[in-house]
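As a plain string of letters, each chain reads:
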Amino acid sequence: MSNVKNVTTDSFRTEVIESSASKPVVVDFWAEWCGPCKKLSPILDDVAGELGDDVKVVKVNVDEERTLGAMFQIMSIPSVLIFRNGEKVDEFVGLRSKSDIVAQIQKQL
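Quick caveat: nothing in here was measured; it's all calculated off a predicted structure. (Residues numbered from 1 in each chain as written. Predicted model: local features only at pLDDT ≥ 70, side-chain atom pairs only at ≥ 80, totals over all residues. Heavy atoms only, no water.)

Details of the sheet that holds strand 5 (residues 87–93)
Stated precisely, the cut-off is as follows: By this definition, two strands are paired if DSSP reports at least two bridges between them. Helix numbers and strand numbers start at the N terminus; a helix is a DSSP run of H or I with at least 4 residues, a strand a run of E with at least 2. Here a residue-residue contact requires only that any non-hydrogen atoms of the pair lie within 4.5 Å. Only the stretch in contact is used when a helix axis is fitted, and all axes are lines through C-alpha atoms; the angle between N-to-C directions ranges over 0 to 180 degrees.
The five strands are arranged 1-3-2-4-5 in an open sheet whose pairing can be described as mixed. Edge positions in the sheet fall to strand 1 (5–6) and strand 5, since each has one partner strand and no second. Direction of pairing for strand 2 (residues 25–30) relative to strand 4 (residues 79–84): antiparallel, over a ladder of five bridges. The residue bridging Val26 from the neighbouring strand is Ile82, located in strand 4. With respect to the sheet, helix 2 (residues 35–51) is in contact with strand 2, strand 3 (56–61) and strand 4, its orientation differing from that of strand 2 by roughly 165°.

Okay, structure coming up:
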């Protein structure tokens, strides 16, 4: 069972912006047709499992949630944004290794 939750325009504020200030929220902007997105997904599942309660990982399907993609100016996918206290604090675009992603998240812990 994955620790990663899908979010929509309706749930984004609750799940990301108003999420617990004590941990970063990793938001994966992806699409079904995107090859690198499909490769990144199990890596983020592993990261969510490894870091457990220290981090929250959520996904936004940009084809279904165009408003969120536009709001955060997502031009390429996969795009991963890291939020802390309701503010975007870091981001990366494209496929990354698990160790790179964990290192990037740990900067926010």
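Details of the packing of helix 2 against helix 4 (residues 98–106)
Selection criterion: Roughly parallel covers angles under 35 degrees, roughly antiparallel covers those over 145, roughly perpendicular covers 65 to 115, and oblique covers all other angles. Whether a crossing is left-handed or right-handed is set by the direction in which the near helix is turned from the far one by less than a right angle, anticlockwise for left-handed and clockwise for right-handed. Put simply, Ala, Val, Leu, Ile, Met, Phe, Trp, Tyr, Cys and Pro go in the nonpolar bin, Asp, Glu, Lys and Arg in the charged bin, and everything else, Gly too, in the polar bin.
Following both chains from N to C, one finds helix 2 and helix 4 inclined at 50°, their axes separated by 10 Å at the closest point. When the axis of helix 2 is compared with that of helix 4, the two are oblique. The crossing of helix 2 and helix 4 is right-handed. Across from Leu40, Ile43, Leu44, Asp46, Val47, Glu50 and Leu51 in helix 2, the residues of helix 4 making contact are Lys98, Ile101, Val102, Ile105 and Gln106. For the contact of helix 2 with helix 4, a count of residues per class yields eight nonpolar, one polar and three charged.

So, the UniProt feature "site: Deprotonates C-terminal active site Cys" (unreviewed entry) in the chain
The test is simple: UniProt positions are given in the numbering used here, feature names are shortened, and annotations may be inferred rather than shown by experiment. Think of it in three bands: residues with accessible area under 20% of the maximum for their type are buried, residues over 50% are exposed, and the middle band is partly exposed, with areas taken using a 1.4 Å probe on protein chains only.
UniProt annotation of "site: Deprotonates C-terminal active site Cys" (unreviewed entry) refers to Asp28 when read in the numbering used here. If you trace the backbone, Asp28 turns up in strand 2. Taking relative accessible area as the criterion, Asp28 reaches 0% and is therefore assigned buried. Setting aside anything within four residues of it in sequence, one finds Asp28 in contact with Leu40, Leu44, Val58, Lys59, Val60, Pro78, Ser79 and Val80.

Observations concerning helix 2
Threshold: A helix is expected to span 1.5 Å multiplied by its residue count minus one.
A rise of 1.5 Å per residue sets the reference length of helix 2, with its 17 residues, at 24 Å; its end C-alpha atoms lie 25 Å apart and thus fit the reference within 8%. If you check which residues of helix 2 are buried, you get Cys37, Leu40, Ser41, Ile43, Leu44, Val47, Ala48 and Leu51. Of the surrounding secondary structure, the elements contacted by the buried residues of helix 2 are strand 2, strand 3, strand 4 and helix 4. Positive backbone phi, approximately 50°, marks Gly52, located one or two places after helix 2.

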